[in-house]
Amino acid sequence: MAAPDSISELTRNAVDVLPAGELERKLALGRPLRVKLGIDVTSPDIHVGRAIPLQRMRAFQDAGHTGVLIVGDYTTRIGDPSGRSSERPILSDEEIDANARTYVEQAHAIIDPERTEVRFNGEWLAKLDFAEVVRLTRTITVARLLERDDFAKRYADGRPISVSELLYPLMQAYDSVAVEADVELGGTDQLYNLLAGRVVMEAYGVEPQVALTTPLLVSWDGEKMSSSIGNNIPLTAPPEEQFGRTMRVPDSLLPDWYRLVMEQELEPAADALQAKLELARFVVRRSHGEDAAREAEAHFTRVVREGQAPEDVPEAALPAGDPVHLPALIGEVFGVSTSEARRLIAQGGVKVNGAAAGELDVSRADLADALLQVGKRQFVRLRNA
């Protein structure tokens, strides 16, 4: 069990630990605590930002407690409204099921599988009949639900709030009832949901949980890291992609990333480039191991810093005809529009064997076996079909 002096490690980087003193009381019970984290499967990937509460789960596990990972296969069918100015789009059942199958393996990059209890909340939520749903809704008032910042703003602005969105915090709270959570983890945007869980647990005669929140990770674009925005670093992304995306973090955000992701302080006098390289190594190493981190760094140095082609370049067949219309070829190979390809050519962003392409129509002989580069990092070797 966690000793009293280990509480600071359990609560590292925590913003809220509520109610005050309750975690200490639960730790003093001398039994393994059940530490819950729920993740909705709204995208195929768990990203580095979502991993921050997983890191707190790992700290509890290392202290002898049980992690309870809730895969929100059922709550995803409503969509968490937290921090949203409008209702979330709903994924198809096929998308939800496909995402759910991958989440546990991804989470194991952070948490200890041996001390993790994995539950899918469809296990109990799908079984609630209408009478039980009505009982659940009686545990909290509409006025209390509308105290949430996002709901309050939308209500004041006259923007719609569906009844299903109002039910979401209750469904998340019922998860805590079902697994008898002692502690629930989440980002700061989840504080209302975590506290609502305490209310609902008490109504069902279950000892209320402690709410522990962690900061949201700000990405390189100044926005909260999000799969829907695309400013994320998936835990299972290829090493080269993880390394390159991490290197996009601006110098101003490095102290926060060190504190939240690496769980250490950045020295004030640290060289920014070297600090960023160490951060990228850490991200790759955690998911893929030391060898992958070294190879990803070598790839980044060669392709990005030195502007050379990677060692392993994919091949693509030249289309029929002579000359070859370069914008159409770029569109087919790299998945961009022909108008975007023309813009890249005009701006010098397309190179053939290291020289900027100036013509839209290029001799087939000049492209056969040539190295085509689009932007800084996209390469392909062209071959005759």
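So, how was this worked out
- Residues numbered from 1 in each chain as written.
- Predicted model: local features only at pLDDT ≥ 70, side-chain atom pairs only at ≥ 80, totals over all residues.
- Heavy atoms only, no water.
- Helix = DSSP H or I, 4+ residues; strand = E, 2+ residues; numbered from the N terminus.
- Expected span 1.5 Å × (residues − 1).
- Buried < 20%, exposed > 50% of the residue type's maximum accessible area, 1.4 Å probe, protein only.
- Axes fitted to C-alpha atoms, helices over the stretch in contact; angles between N-to-C directions.
- Parallel < 35°, antiparallel > 145°, perpendicular 65-115°, else oblique.
- Left-handed = near helix turned anticlockwise from the far one by under 90°.
- Contact = heavy atoms within 4.5 Å.
- Nonpolar A, V, L, I, M, F, W, Y, C, P; charged D, E, K, R; others polar.
- Pairing = 2+ DSSP bridges.
- Polar contact = N/O pair within 3.5 Å; in protein donor to acceptor, adjacent residues only side chain to side chain.
- Right-handed = clockwise from strand over helix to strand, strands pointing away.
- Salt bridge = Lys/Arg side-chain N within 4 Å of Asp/Glu carboxyl O.

J.: Sorry, what's going on with helix H3 (residues 51-62) here?
T.: Residue pairs three or four apart in sequence face the same way in an α-helix, which turns once every 3.6 residues. The end-to-end C-alpha separation of H3 is 16 Å, in line with the 16 Å expected for twelve residues at 1.5 Å each. Extensive coverage of H3 is indicated by the burial of ten of its twelve residues. Of the residues making up H3, those classed as buried are Ala-51, Ile-52, Pro-53, Leu-54, Gln-55, Arg-56, Met-57, Ala-59, Phe-60 and Gln-61.

J.: Whenever I open this one, the packing of helix H9 (residues 163-179) against helix H10 (residues 191-203) confuses me. Can you help?
T.: The description of two packed helices rests on the angle between their axes and on the distance between the axes. Packing of H9 against H10 leaves a shortest axis separation of 8 Å and a crossing angle of 60°. As the angle between them shows, H9 and H10 are arranged oblique. Classified by chirality, the crossing of H10 by H9 is right-handed. Two secondary-structure elements touch here, H9 through Tyr-168, Pro-169, Leu-170, Gln-172, Ala-173, Ser-176 and Val-177 and H10 through Tyr-192, Asn-193, Leu-194, Ala-196, Gly-197, Val-200 and Met-201. Taken together, the residues of the contact of H9 with H10 break down into ten nonpolar, four polar and no charged.

J.: Teacher, can you tell me more about unusual backbone geometry here?
T.: Glycine aside, residues mostly have negative phi angles, and peptide bonds mostly take the trans form. Omega for the bond connecting Leu-18 with Pro-19 falls within 30 degrees of zero, at -5°, which places this linkage in the cis form. Along the chain, Pro-19 falls in the loop between strand E1 (16-18) and helix H2 (22-27). For the bond from Asp-322 to Pro-323, the omega torsion is 5°, close enough to zero to count as cis. Within the secondary structure layout, Pro-323 lies in the loop between strand E7 (315-317) and strand E8 (324-325). The backbone of Asn-13 sits at a positive phi, close to 65°, despite the residue not being glycine. Examined against the element boundaries, Asn-13 turns out to sit in the loop between helix H1 (7-10) and E1. Exposure remark for Asn-13: the relative accessible area of 16% places this residue in the buried category. A positive phi angle, near 55°, is found at Glu-180, a position not held by glycine. Residue placement: Glu-180 occurs in the loop between H9 and strand E5 (183-187).

J.: I would appreciate a short explanation of the sheet that holds E5 in the present structure.
T.: Each strand in a sheet pairs with its neighbour through backbone hydrogen bonds, running either in the same direction (parallel) or in the opposite one (antiparallel). Taken in spatial order, the six strands make up an open sheet running E1-E6-E5-E2-E3-E4, and their pairing is mixed. Each edge of the open sheet is held by one strand with a lone partner, namely E1 and strand E4 (116-120). Averaged over all neighbouring strand pairs, the angle between strand axes comes to 20°, with direction disregarded. As defined by bridge partners, E1 adjoins strand E6 (residues 210-214) across three bridges and the pair is classed as antiparallel. The residue bridging Asp-16 from the neighbouring strand is Thr-213, located in E6. This element, H9, spans strand E2 (34-40), strand E3 (66-72), E4 and E5 of the sheet and lies at about 145° to E2. H10 rests against E1, E5 and E6 of the sheet, and its axis sits at about 170° to E6.

J.: Just to check I follow, could you spell out the sheet that holds strand E9 (residues 350-352) for this structure?
T.: Spatially, five strands are ordered E7-E13-E12-E9-E10 in an open sheet, and the strand pairing comes out mixed. In the strand order of this sheet, the two ends are held by E7 and strand E10 (355-356), each with one partner. Relative to strand E12 (residues 371-374), E9 is paired through three bridges, and the arrangement is antiparallel. The residue bridging Val-350 from the neighbouring strand is Val-374, located in E12. The strands touched by helix H15 (residues 326-334) are E7, E9, E12 and strand E13 (378-383); relative to E12, the strand with the most contacts, the crossing angle is about 80°.

J.: Quick question: what am I supposed to make of the side chain of Asn-121 here?
T.: For Asn-121, the position within the fold is in the loop between E4 and helix H5 (122-125). With a relative accessible area of 0%, Asn-121 lands in the buried category. Polar side-chain contacts of Asn-121 include one of 3.0 Å to the side chain of Thr-75. Separated by 3.1 Å, the side chains of Asn-121 and Asp-175 make a polar contact. Once residues within four sequence positions are removed from consideration, Asn-121 is found in contact with Ile-70, Val-71, Gly-72, Asp-73, Tyr-74, Thr-75, Ala-126 and Asp-175.

J.: Teacher, can you tell me more about helix H13 (residues 272-288) here?
T.: For H13, spanning 17 residues, the distance from its first C-alpha to its last is 24 Å, which sits close to the expected 24 Å at 1.5 Å a residue. Turning to H13, its buried residues number three or more, namely Ala-275, Lys-276, Leu-277, Leu-279, Ala-280, Arg-281, Phe-282, Val-283, Val-284 and Arg-286. For H13, the capping residue at the N-terminal end is Asp-271, with a side-chain oxygen 3.2 Å from the backbone nitrogen of Leu-273. One or two residues past the end of H13 sits Gly-289, with phi positive at roughly 100°.

J.: Mind showing me how you'd approach the pairing of E6 here?
T.: The side chains of a regular strand alternate, first on one face of the sheet and then on the other. Taking burial as the measure, the five residues of E6 include five buried ones, the bulk of the element. Residues Val-210, Leu-212 and Thr-214 point to one face of E6 and Ala-211 and Thr-213 to the other, with burial holding for every one of them. In the sheet, E5 pairs with E6 via five bridges, with the strands oriented parallel. Considered in E6, the bridge of Gly-187 is made with Thr-214. At this point the chain moves from E5, through H10, to the parallel E6, and the crossover so formed is right-handed.

J.: Whenever I open this one, the pattern of salt bridges confuses me. Can you help?
T.: Any two side chains of opposite charge can pair, so long as their charged atoms come close to each other. Tallied over the full model, the rule gives 30 salt bridges. When the shortest N-O distance is used, the salt bridge between Glu-9 and Arg-56 registers 3.6 Å. A residue pair is termed long-range when its members are at least 10 positions apart, and Glu-9 in helix H1 and Arg-56 in helix H3 qualify at 47 residues. A salt bridge links Arg-294 to Glu-290, with the shortest nitrogen-to-oxygen separation between them at 3.9 Å. In this pair, Arg-294 and Glu-290 are both assigned in helix H14 (residues 290-305), four residues apart and thus about one turn of the helix distant. Residue class for Arg-294 comes out partly exposed when judged on its relative accessible area of 48%. Residue Glu-290 is classed as partly exposed on the basis of its relative accessible area of 38%. One continuous salt-bridge network, built from bridges that share partners, spans Glu-278, Arg-281, Arg-285, Glu-290, Asp-291, Arg-294 and Glu-297.

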